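Residue strings, one per chain:
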Amino acid sequence: MTAPTIKFLLVDDLEANLDALEGLLQRDGLALLKARSGPEALELLLIHDVALALLDVNMAGMDGFELAELMRGTERTRRVPIIFLTAGAIDQQRRFRGYDAGAVDFIFKPIESHILQSKAGIFYELAMQRETLRITAEEAQAANRAKDHFMAALSHELRTPLTPVLMAVASLQNDSALPQETHDLLDMMRRNIELEARLIDDLLDASRIHNGKLTFRPSRVDVHELLRHCQESIGWEVQDRRFHFIAEFNATRHHVHADPVRLQQVFWNLLKNAVKFTPGTGSVTLRTFNPDDSHIAIQVQDTGVGISPQAMPRIFDAFEQGDASGQTRFGGLGLGLSISKAIVEAHAGTIAADSPGPDLGSTFTVTLALMEAAGHAPAAPTESVSASRPLHLLVVEDHAPTRSILGRLLTRHGHHVITASTVAEALAAFSAHPCDVVITDLGLPDGSGLQLMEQLRKTRPITGIALSGYGMETDLQQTKEAGFSAHLTKPIQMEELHQILARLKS
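Residues numbered from 1 in each chain as written. Predicted model: local features only at pLDDT ≥ 70, side-chain atom pairs only at ≥ 80, totals over all residues. Heavy atoms only, no water.

## What about the packing of helix α14 (residues 423-432) against helix α15 (residues 449-459)?
Two quantities define a packed helix pair, namely the angle between the helix axes and the distance between the axes.
Phase 1: At a closest axis distance of 11 Å, the pairing of α14 and α15 adopts a crossing angle of 20°. By the angle class used here, α14 and α15 are roughly parallel. Helix-helix and strand crossings are classified by hand; for α14 and α15 the assignment is right-handed. Between α14 and α15, the residues in contact are Val 423, Ala 426, Leu 427 and Phe 430 and Leu 452, Gln 455, Leu 456 and Thr 459, respectively.
Phase 2: By residue class, the composition of the contact of α14 with α15 is six nonpolar, two polar and no charged. (Axes fitted to C-alpha atoms, helices over the stretch in contact; angles between N-to-C directions. Helix = DSSP H or I, 4+ residues; strand = E, 2+ residues; numbered from the N terminus. Parallel < 35°, antiparallel > 145°, perpendicular 65-115°, else oblique. Left-handed = near helix turned anticlockwise from the far one by under 90°. Contact = heavy atoms within 4.5 Å. Nonpolar A, V, L, I, M, F, W, Y, C, P; charged D, E, K, R; others polar.)

## A few points about the nonpolar core
Phase 1: Counting residues in hydrophobic clusters, the biggest one holds 40 residues, and the most contacted among them are Phe 267 and Ile 298.
Phase 2: Where this core is concerned, the elements lending two or more residues are α8 (223-233), β8 (255-258), α10 (260-276), β9 (283-292), β10 (295-302), α12 (336-346) and β12 (362-369).
Phase 3: Looking at this core, the element that brings in the most residues is α10, giving eight residues.
Phase 4: Once you skip the residues sitting within four places of it in the chain, Phe 267 turns out to touch Val 223, Leu 226, Leu 227, Cys 230 and Ile 298. (Core = buried A, V, L, I, M, F, W, Y, C linked by side-chain atoms within 4.5 Å. Buried < 20%, exposed > 50% of the residue type's maximum accessible area, 1.4 Å probe, protein only.)

## Looking at the sheet that holds strand β2 (residues 30-35)
Phase 1: Sheet architecture is open: five strands sit in the order β2-β1-β3-β4-β5, paired in parallel fashion. Edge strands, defined here as strands with exactly one partner in the open sheet, are β2 and β5 (103-108). Strand-to-strand, the axes of this sheet are offset by a mean angle of 20°, without reference to chain direction.
Phase 2: Contacting β1 (6-11), β2, β3 (52-56) and β4 (82-86), helix α1 (residues 15-25) runs over the sheet at an angle of about 170° to β2. (Pairing = 2+ DSSP bridges.)

## Structural notes on the pattern of salt bridges
Phase 1: This structure, assessed with the given rule, holds 17 salt bridges.
Phase 2: A salt bridge links Glu 15 to Arg 36, with the nearest nitrogen and oxygen atoms 3.8 Å apart. Taken as a pair, Glu 15 in helix α1 and Arg 36 in the loop between β2 and α2 (38-47) lie far apart in primary sequence, 21 residues in all.
Phase 3: Exposure remark for Glu 15: the relative accessible area of 33% places this residue in the partly exposed category. (Salt bridge = Lys/Arg side-chain N within 4 Å of Asp/Glu carboxyl O.)

## Examining the confidence of the model for the protein
Phase 1: Counting all residues, the mean pLDDT for the protein is 84, and 89% of those residues have values of 70 or more.
Phase 2: This model gives residues 323-333 a pLDDT under 50, and the stretch forms 18 contacts once residues within four places in sequence are excluded.
Phase 3: A low-confidence stretch, residues 373-388 stays under pLDDT 50, and its non-local contacts, those more than four residues away or across chains, total 15 contacts. (pLDDT = per-residue confidence, 0-100.)

Take a look at the structure:
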C-alpha cells in the first residue's frame, strides 16, 4: 500500500513567516502548500484537498477571518479545520467571529514551536488514519472486483468444454437403437456433467451473495411439487445406494410466494447432503407439515454421520463441512448450506440444523410463510418444441466442438443452419444468407457477440440468443441492452434452446 500524502495549507502575507512555519511543520508524508494572500489560498483550495489550514488573521486585503468565511461557504472546503495565527490580542467579539467562521483554535505569535507542532500533529495523525482507511477500502474493493472477475472467468473456462459433451450425450440419448446399458451410462454422464455445472453455479452464487447481488423472481409456488422434482433428481442415487427413502407430505397448505428455481436449489442441496452423508443401511426422511396456520416446514432428516457440537455453530458458514475428517471422506466445496441459508433468509424464512451428535444423524428444517391465496394457480401450458416452419439460424461459436455439434443438433431438429467462428465470418454469412435468428457466443476471436449483434441490427432486424460461460447479473444486463432476446449460460440445455426457438416460431 502506497503511503498517503497529507496536505496542510499555510497562509501568511509575509514570506519569512511562511518559511518559519514550513521549517517547524515539515515531516515525511506531509506536503505544505504556501499562499501569501486570500485569493492565492482559494486558488490552491480549488486544486488540493487539505487536512488543516493555518491562517494569519491580519493580512493585507482579505484577512484570515474573511478567507475562513469564504471557505465555509463552499462545500469542498466547508469542513477543513482552521487554526488562526495572530500577533495581537483578540477581543471576545473577534474570537467569536473566528470560531463562527470555523476555527478550531488560536495560536498567538511569537509561536511556541512545541505548541504548534503538537496541535498540528493531531490533525496530521487524524488525516493519516482517514487516508489509510480510504486507501485500504479502495484496495479491498479492487481486490473484490478482481476476485469477481476471476470467478467469472473461471466459470467461463470451466463451462465451455462441458457444452459439447452435454450436447453429445443428449444427442445419443435420443437414439433408441442403443442398448439399455449404454443409455444407463449416458444417464450417468449427464448427471455428472450437470453436477459439475451446479458446482460452478455454487461458486458464482457465493460471490453474488457476498456482493448482495443474488437475484430472485418470486411467484406462486407449490412446495410439494418442487420437492417431488428434487426427489426425482436424486432417485438414481437412492436406488444405487439402496437405503430407505421416506416421503411424508403432511402439510395441508403448501403454497408460498418464492423464486421456484432458488427454492428448489435449497431443497436439492439439503437432499443431496442427506444422501451423501448417510450410509447404505441408513434412511432419509423428507417431510412437510404446518407448524401453525401461516407457515410450512420442510424437514430433511437422515441417519448419517451427524454433526458434532463443536461444528454446529459453523455449519452454515461458507466452505464449512463440519469435522475435518468429513471433508476428506465426502468431498465437496462446502457452499451448499451457506447458499441455502442466504436464499431462505432472503425469502424471510428460517433454516435450522439439529443433530444429537456424531454418527447419530441430522435434521435440517426450513420454515417459510404460506401464501394467502385460495385454490390452485392454473397450470402453465406446455410449450411444444415443434413448429410449422423451420428457422434459418446463424450459429457463431469459436469453440469448434461446440459449433459442430450444436449445428448438427439444430439441423436434425429441422432448422436451416449456417455456422461461423468469428465476427467477420458471421457478418459475411449474414449478408449472403437471410437468417431469422443469430445464436452467438459472446467471446469471439475478433470481437464480441455484443458487437456482432449491434452490427447485424444495423443491417436489418434480427432476433439474438446469446451463449456464454459468463452468467453474472451484469452479463445478463449487457446482453439485454444489446438487444438479445435470451441469454443461455453454458453448458446449455438443448431442450431449453428448443423451447426458446419454438416461441420465436409461433
